[in-house]
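Analysis of the macromolecular model
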Amino acid sequence: MLVLLVLADLITFGAAAAAAAFLVCLAALAFLLLSVRRLDGKAQRIDLRVKKHESELARTTTALKRIETRLDLLVQAVEDSAARRADDLGAILASLGEDRVNAMARAREVEELRAEVRALAKDAV
């Protein structure tokens, strides 16, 4: 179009070159504008994804803290139970030991009484 205007001597060659340069610059600006808008849209989508992942990470962190608290409580309960069981077993074993010692003392007493009865039985015969 500009070539026809120059050939028809309606505009000068310099004016046509300036107009062509202006149109090239305008096209480049339009291309840059579209590219920037496209990049901005991608950046917004990426930002939304990042925010979504951050919120999921925050929820996961909160859940992990809750689980950790529950695990601490369970560990403490298991340790308390183990301590009580150890105390109970100690008491049972001590009681069994006392019963055994008492039974051994009674067995000795019974044996001594039997010996005395035998001795008395021999003296009476």
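Residues numbered from 1 in each chain as written. Predicted model: local features only at pLDDT ≥ 70, side-chain atom pairs only at ≥ 80, totals over all residues. Heavy atoms only, no water.

1. Re the overall build of the chain
Quick reminder of the rule: Segments assigned H or I by DSSP are reported as helices when at least four residues long, segments assigned E as strands when at least two residues long, and all are numbered from the N terminus. The globule rule is 2.2 Å times the number of residues to the power 0.38, and the radius of gyration it is compared with is taken over C-alpha atoms. Three labels apply to residues, based on accessible area from a 1.4 Å probe with only protein chains included: buried if under 20% of the type maximum, exposed if over 50%, partly exposed otherwise in between. In this charge count, Lys and Arg are treated as positive and Asp and Glu as negative; neither His nor the chain ends contribute. We put the charge of a Lys on NZ, of an Arg on CZ, of an Asp on CG and of a Glu on CD.
In terms of helices and strands, the chain carries two helices and zero strands. Scaling as 2.2 N^0.38, a compact globule of 125 residues should have a C-alpha radius of gyration of about 14 Å, whereas the chain reaches 51 Å, well beyond that. Dimensions of the chain, computed from C-alpha atoms along their principal axes, come out at roughly 170 × 20 × 15 Å. Going through the 125 residues of the chain one by one, you find that 2% of them count as buried. Both charge centroids of the chain, one from 19 positive and one from 18 negative side chains, sit 12 Å from each other.

2. Considering the pattern of salt bridges
Where we set the bar: Salt bridge, as applied in this entry: a Lys or Arg side-chain nitrogen positioned within 4 Å of an Asp or Glu carboxyl oxygen.
Applying the stated criterion to the full structure yields two salt bridges. Asp 47 is the salt-bridge partner of Lys 51, the closest N and O atoms lying 3.5 Å from each other. Of the two residues, Lys 51 and Asp 47 are both situated in helix α2 (residues 13-124); the distance of four residues between them amounts to about one turn of the helix. Of the residues examined, Lys 51 reaches a relative accessible area of 48% and is grouped as partly exposed.

3. Re a nonpolar patch on the surface
Note the threshold: Grouping into patches uses exposed residues only, defined as over 30% relative accessible area, and leaves out salt-bridged ones; the cut-off is 9 Å for like charges and 5 Å for nonpolar side chains (Val, Leu, Ile, Met, Phe, Trp, Tyr). Accessible surface area values rest on a Shrake-Rupley calculation with a 1.4 Å probe, where residue burial reflects the displayed protein chains alone.
On the surface, a cluster of nonpolar side chains totalling about 390 Å² of accessible area is made up of Leu 64, Ile 67, Leu 71 and Leu 74. With respect to the secondary-structure elements, Leu 64 resides in helix α2.

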